[in-house]
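# Summary of structural features
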Amino acid sequence: MGPAVVRPASVNGMSSKAEEFGLYIGGKWVTPRGAKRFTTMNPANGETVGSFVAGTAADAAEAVAAAAKAFRGWKETPAPKRGEILLEAARRMKLAKEELGRTVTREMGKVISEGRGDVQESIDFIEYMAGEGRRLFGETVPSELRSKFCLTVRQPKGVVACITPWNFPTAIPNWKIAAALVTGNTVVFKPASGTARCGAEVVKIYEAAGVPPGVLNFVTGSGGVVGNALIDDPRVRTVSFTGGVATGREVYVRGAQGLKMVHLELGGKNPVILMEDADLPLALDGVLFGAFGTSGQRCTATSRLIVHERVYDQFLGMLTARLEKFPVGDPLDPATGMGPVASRDQEQKILEYIELGKKEAKLRYGGHKLTGGAYDRGFFLEPTIFETPHGTRISKEEIFGPVLSVIKVASYDEAVRVANDVEYGLSSSIYTRDVNRAFRAIQDLEAGITYVNAPTIGAEVQLPFGGVKNTGNGGREAGSAAVEEFTEIKTVFVDFSSKLQKAQIDSETAA
Ligand code: UN1
């Protein structure tokens, strides 16, 4: 079974020589002497998208030095002024939205509406954070003593390292960069190697918006070299990392050596629970978008569908019927439902899981690499559905691809038990018309995010984002939580009594 509509991938802007990008350090684009290079590639057609410096540990150290040097001036720049620069970056990003959205699609493979969405999420967050420049609230708290004033202020941490994944190649960097900058930190940004062009274009926008030299630096290269050098550098105080759980664990352990604040956003195995009273057509659209949007390559992707037995056969029939008409192909074509997966490695890993699934579960739909014609130039997979009991590896491990495990359950309690019995806890969803059950699910589901009557994807930037269990280490990004991620709280006591007052001691007699 294959998708009904086959669309050839276009080879836009194919050129023999890729556009070359340097590192951005101390306000200058530089190519270190003798630098090795790597290229990024369009996963739909093999086109080269850009050429980048394979940075070294010395390059990372230089970027950190530039960030450390710029820190004081940036910290002392009034936060509303920092916010104004962000607003200008947002304005420029709006003007560049179409082009940048296309770059996202060309370099990463998500369909063009989602490429634009990635950029829009960046714009939304930068604007939100620009406003934070006029808040950055602290607290005022009463003192136990007379003529004494107590308050807290937020201060930047210093140099922060932002290490980002390829699946949201503009949005996730901006979640980190905009929050870090408005709070007064200076940044070294290391993008995923597969989407370095998107990273470079984002940096160029901040540069044009007037971010001073050294405040934002950009170093491309591998995680093992550049990433580790950043994490190990004693001048880097906070590491903000989004990626897989295995790498996240390594980052955490490395960062622990320097007693750093390490912020981790890791995997998910996000369930949609479909109860017997759900609005099935509504759920159908949601499950399709949640499972196969971004070719399933979101941390928030719907990778498990937990269905009540009373609607199981009906809903699976509806789902497979829709997939028959689900066009997989050129992500730049607005009629395409699902583009390629992001890379050969991704394709390989997903196909291995599909082979595993064929052994341990029942393949219900898809299950193959798409071949022939334009498909041969890219990494196209069929949207794939397995019917599986709970407990198989495909039903518990993060696949990060267009593979949905469907699990039949007999009750709400069983659905929640299954939903919670995985190592991750990022996003979750329940479709039901029973308001009591919806609220119970909000309480019962072990996840950082719960949707009611909506799929597991599509978080909005003004709310905190993150998860429980192995999805992270307790932090949240985006929303107001982003300010916490990148600031230290300073507690201030101002004693204007002109005498020594002793807390806990004098307060006993102060009345
Ligand atoms: C991710 O996949 O890591 O909620 C981020 C969503 C998007 C962000 C996903 N707004 O699906």
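If you're wondering where the values come from, they're calculated on a predicted model, not measured in any experiment.

So, how was this worked out
- Residues numbered from 1 in each chain as written.
- Predicted model: local features only at pLDDT ≥ 70, side-chain atom pairs only at ≥ 80, totals over all residues.
- Heavy atoms only, no water.
- Helix = DSSP H or I, 4+ residues; strand = E, 2+ residues; numbered from the N terminus.
- Buried < 20%, exposed > 50% of the residue type's maximum accessible area, 1.4 Å probe, protein only.
- Contact = heavy atoms within 4.5 Å.
- Lys, Arg positive; Asp, Glu negative; His and termini not counted.
- Charge placed at Lys NZ, Arg CZ, Asp CG, Glu CD.
- Pairing = 2+ DSSP bridges.
- pLDDT = per-residue confidence, 0-100.
- Salt bridge = Lys/Arg side-chain N within 4 Å of Asp/Glu carboxyl O.
- Domains from an automatic or database assignment.
- Buried area = accessible area lost by both parts, 1.4 Å probe.
- Core = buried A, V, L, I, M, F, W, Y, C linked by side-chain atoms within 4.5 Å.

## Considering the overall build of the chain
- Of regular secondary structure, the chain possesses 15 helices and 23 strands.
- Along the longest, intermediate and shortest principal axes, the C-alpha atoms of the chain span 80 × 60 × 40 Å.
- Counting only residues that meet the buried cut, the chain has 56% of its 511 residues in that class.
- Considering only intrachain contacts with a sequence separation of at least 6, the fraction spanning at least 24 residues in the chain is 75%.
- Across the chain, the mean location of the 60 positive side-chain charges is 4 Å away from that of the 59 negative side-chain charges.

## What about the pairing of strand β11 (residues 236-242)?
- Most of β11 sits out of view: six of its seven residues are buried.
- Judged from the five bridges that link them, strand β8 (residues 159-163) and β11 form a sheet pairing that is parallel. Its bridge partner lying in β11, V159 is registered against V236.
- As paired elements, β11 and strand β12 (residues 261-265) share five bridges and run parallel to each other. Considered in β12, the bridge of T238 is made with M261.

## Here we look at the confidence of the model for the chain
- A residue-level look at the chain finds 96% of positions with pLDDT of 70 or above and a mean pLDDT of 95.
- Counted against residues more than four places away or in other chains, residues 1-15, with its pLDDT under 50, gives 50 contacts.

## Remarks on unusual backbone geometry
- Phi is positive for S147, which is not a glycine, with a value near 50°.
- Inspection of the secondary structure puts S147 in the loop between β6 (140-141) and β7 (148-156).

## Remarks on the pattern of salt bridges
- One pass over the structure, following the stated rule, counts 32 salt bridges.
- Note that R72 is salt-bridged to E76, the shortest N-O span being 3.1 Å. Of this pair, R72 and E76 both sit in helix α1 (residues 57-76), four residues apart, which is roughly one turn of the helix.
- Its salt-bridge partner being R393, residue E397 comes within 2.6 Å of it at the nearest N-O pair.
- According to the relative accessible area criterion, E397 is partly exposed, its value standing at 24%.
- The exposure class assigned to R393 is partly exposed, which follows from its relative accessible area of 43%.
- Salt bridges sharing common partners tie together E19, R197, E201 and K204.

## Some points on the domain arrangement of the chain
- Looking at the assigned domains, one finds that the chain contains domain 1 (19-266 + 472-490) and domain 2 (270-452).
- Relative to domain 2, the C-alpha centre of domain 1 lies at a distance of 31 Å.
- In this complex, domain 1 contributes 20 residues to the contact, which on the side of domain 2 involves 26 residues.
- Together, the buried faces of domain 1 and domain 2 total about 1,900 Å²; carbon and sulfur atoms form 64% of this surface.
- Contact with domain 2 buries surface across domain 1, with P43, E114 and W166 losing the most and accounting together for 24% of the total.
- A salt bridge links R298 to E114; its shortest N-O distance comes to 3.8 Å.
- Elements represented by at least two residues in the side of domain 1 that touches domain 2 include exactly α3 (97-108) and α4 (112-132).
- No other element matches the four residues that α3 contributes to the side of domain 1 that touches domain 2.

## Some remarks on the nonpolar core
- Ranked by internal contacts, the top residues of the largest apolar core, which has 58 residues, are L86, F125, M129, L181, V187, Y206 and L216.
- Among the elements that make up this core, the one with the highest residue count is helix α5 (residues 171-182) (nine residues).
- When residues of this core are sorted by domain, at least three fall in each of domain 1 (19-266 + 472-490) and domain 2 (270-452).
- Not counting residues up to four positions away in its chain, the partners in contact with M129 are L86, A178, A179, V182, G479, A482 and V483.

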